[in-house]
Amino acid sequence: MATVTGGPTGGQSEPRPGLQASRTGRLADPAFKWFVTGAGLLVLGILAWMIGATTADALPIFQKEGIRFITGTAWDPGNSRREITGTYQALPFLWGTIVTSVIAITLAVPLAVGIALYLTQLVPAPVKRPLTYAVDMLAAVPSIVYGLWAILFVVPLLQPVWTAISNNLGFIPLFAGPPTVRNFFTAGLVLGIMILPIISAVSREVIASVPQEERFAAYSLGATRWEVMRHVILPRCRPGIIGATMLGLGRALGETILVALVIGGVATLGVRLFQPGQSVAGAIAVSWKEASPEHQLGLIAMGVALFVMTIIVNVTARLIVARTGRVTGDAAL
């Protein structure tokens, strides 16, 4: 008796669905690998192109000023189109960037970590999600809105406070007066509010990733809630919090419009928090439109210096995190 082995098309069986899916998967794996490799190389290429192009444009400024570009205090732009006739020494602008960023980080990090601990450890369940959304929503507010809010509300509100602090603590150089309307401290304060949700969001994800077993073990030994947060959660999350801090610092270093609106716009070099100043990004934003071709090269040189500063911050963050412990997931930012 004959046995029929063929299909309806005349003797050949169709490939099994599982085998066809396996072949598709084998083709998809290398395709996906090459796609993500190309995406990574594209990012590196764009980064190298950006660094090379801006450095090449600013090279005449670096050649003329040398090390004085980051150590000198004179900034006197020229009006030439083909020669470098002015003086371009960016230390006051770099100083303003560093001062406002340090103030912002100093104010934002304790608040951000406290918010993260509250949202993960203490907040009642019914209000946890609304509060989390409210904090994260602050990150979506444009910097120009923060700047307008600072000019219209924060500056008039805090000017009497700065005056009182200066009158009572003026013997300390940091608080010496008289305070100006727009100054380093106001810029740093509003900048700290702006980077607060970024640091808080990353810190919250890191804290939430701490295993429940470690917390329960501490509670079983008689630890209080505060002791669990201090001796179990925070030490375990230290690398991630450092990474979040450096992420916020990188954002603060490059902020433009907000700082330009409230810092004062005067390139000064000093330790008084209530005096006006200027940052690198703010100077570029304010001066670029009316700058001469020579002046534009000086502004590009300051942009290169800011870029190098940001790279140093990111590399330092990676080294610190690597020394304090390996972090995965969102905490590895």
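On a predicted model such as this, the values are computed, not experimentally measured, just so you know. (Residues numbered from 1 in each chain as written. Predicted model: local features only at pLDDT ≥ 70, side-chain atom pairs only at ≥ 80, totals over all residues. Heavy atoms only, no water.)

## Examining the pattern of salt bridges
Item 1. Across all of its chains, the model carries five salt bridges by this definition.
Item 2. Ionic pairing is found between Glu214 and Arg236, a salt bridge with its closest N-O pair at 2.2 Å. Of this pair, Glu214 sits in helix α7 (residues 212-220) while Arg236 sits in helix α8 (residues 225-254); the two residues are 22 residues apart in sequence, bridging distant segments of the chain.
Item 3. When its relative accessible area of 30% is taken as the criterion, Glu214 is described as partly exposed.
Item 4. Residue Arg236 is classed as partly exposed on the basis of its relative accessible area of 44%.
Item 5. Among the ionic contacts, a cluster of salt bridges with common partners joins Lys64, Glu65 and Arg68. (Salt bridge = Lys/Arg side-chain N within 4 Å of Asp/Glu carboxyl O. Helix = DSSP H or I, 4+ residues; strand = E, 2+ residues; numbered from the N terminus. Buried < 20%, exposed > 50% of the residue type's maximum accessible area, 1.4 Å probe, protein only.)

## Topic: the packing of aromatic side chains
Item 1. Under the criterion given, the structure shown has seven aromatic pairs.
Item 2. Summarising the aromatic geometry, the rings of Phe62 and Phe69 are spaced 5.2 Å apart at their centres and angled 90° between planes, so their arrangement reads as edge-to-face.
Item 3. Overall, Phe62 belongs to the partly exposed group, its relative accessible area being 24%.
Item 4. Cluster of aromatic residues (ring-pair linked, three or more members): Trp162, Phe175, Phe185 and Phe274. (Phe/Tyr/Trp six-rings, centres within 6.5 Å; stacked < 30°, edge-to-face > 60°.)

## A closer look at the side chain of Ser101
Item 1. Topologically, Ser101 is positioned in helix α3 (residues 91-122).
Item 2. Assessed through its relative accessible area of 1%, Ser101 is described here as buried.
Item 3. Every residue in contact with Ser101, bar those within four places of it in the chain, is listed here: Leu191, Leu249, Ala252 and Leu253. (Contact = heavy atoms within 4.5 Å.)

## Observations concerning α3
Item 1. Taking 1.5 Å per residue as the helical rise, α3 with its 32 residues ought to reach 46 Å, and the 45 Å between its terminal C-alpha atoms agrees with that figure.
Item 2. At Ala108, α3 shows its largest bend, some 30°, and a proline, Pro110, comes one to four positions later. (Expected span 1.5 Å × (residues − 1). Bend = angle between axes of the 7 residues up to and from the residue.)

## Notes on the side chain of Thr186
Item 1. Residue position: Thr186 is located in helix α6 (residues 184-208).
Item 2. Taking relative accessible area as the criterion, Thr186 reaches 1% and is therefore assigned buried.
Item 3. For Thr186, the side chain forms a polar contact with the side chain of Trp162, separated by 3.0 Å.
Item 4. Look past the residues within four positions of Thr186 in its chain and what remains in contact with it is Val155, Trp162, Val181 and Val262. (Polar contact = N/O pair within 3.5 Å; in protein donor to acceptor, adjacent residues only side chain to side chain.)

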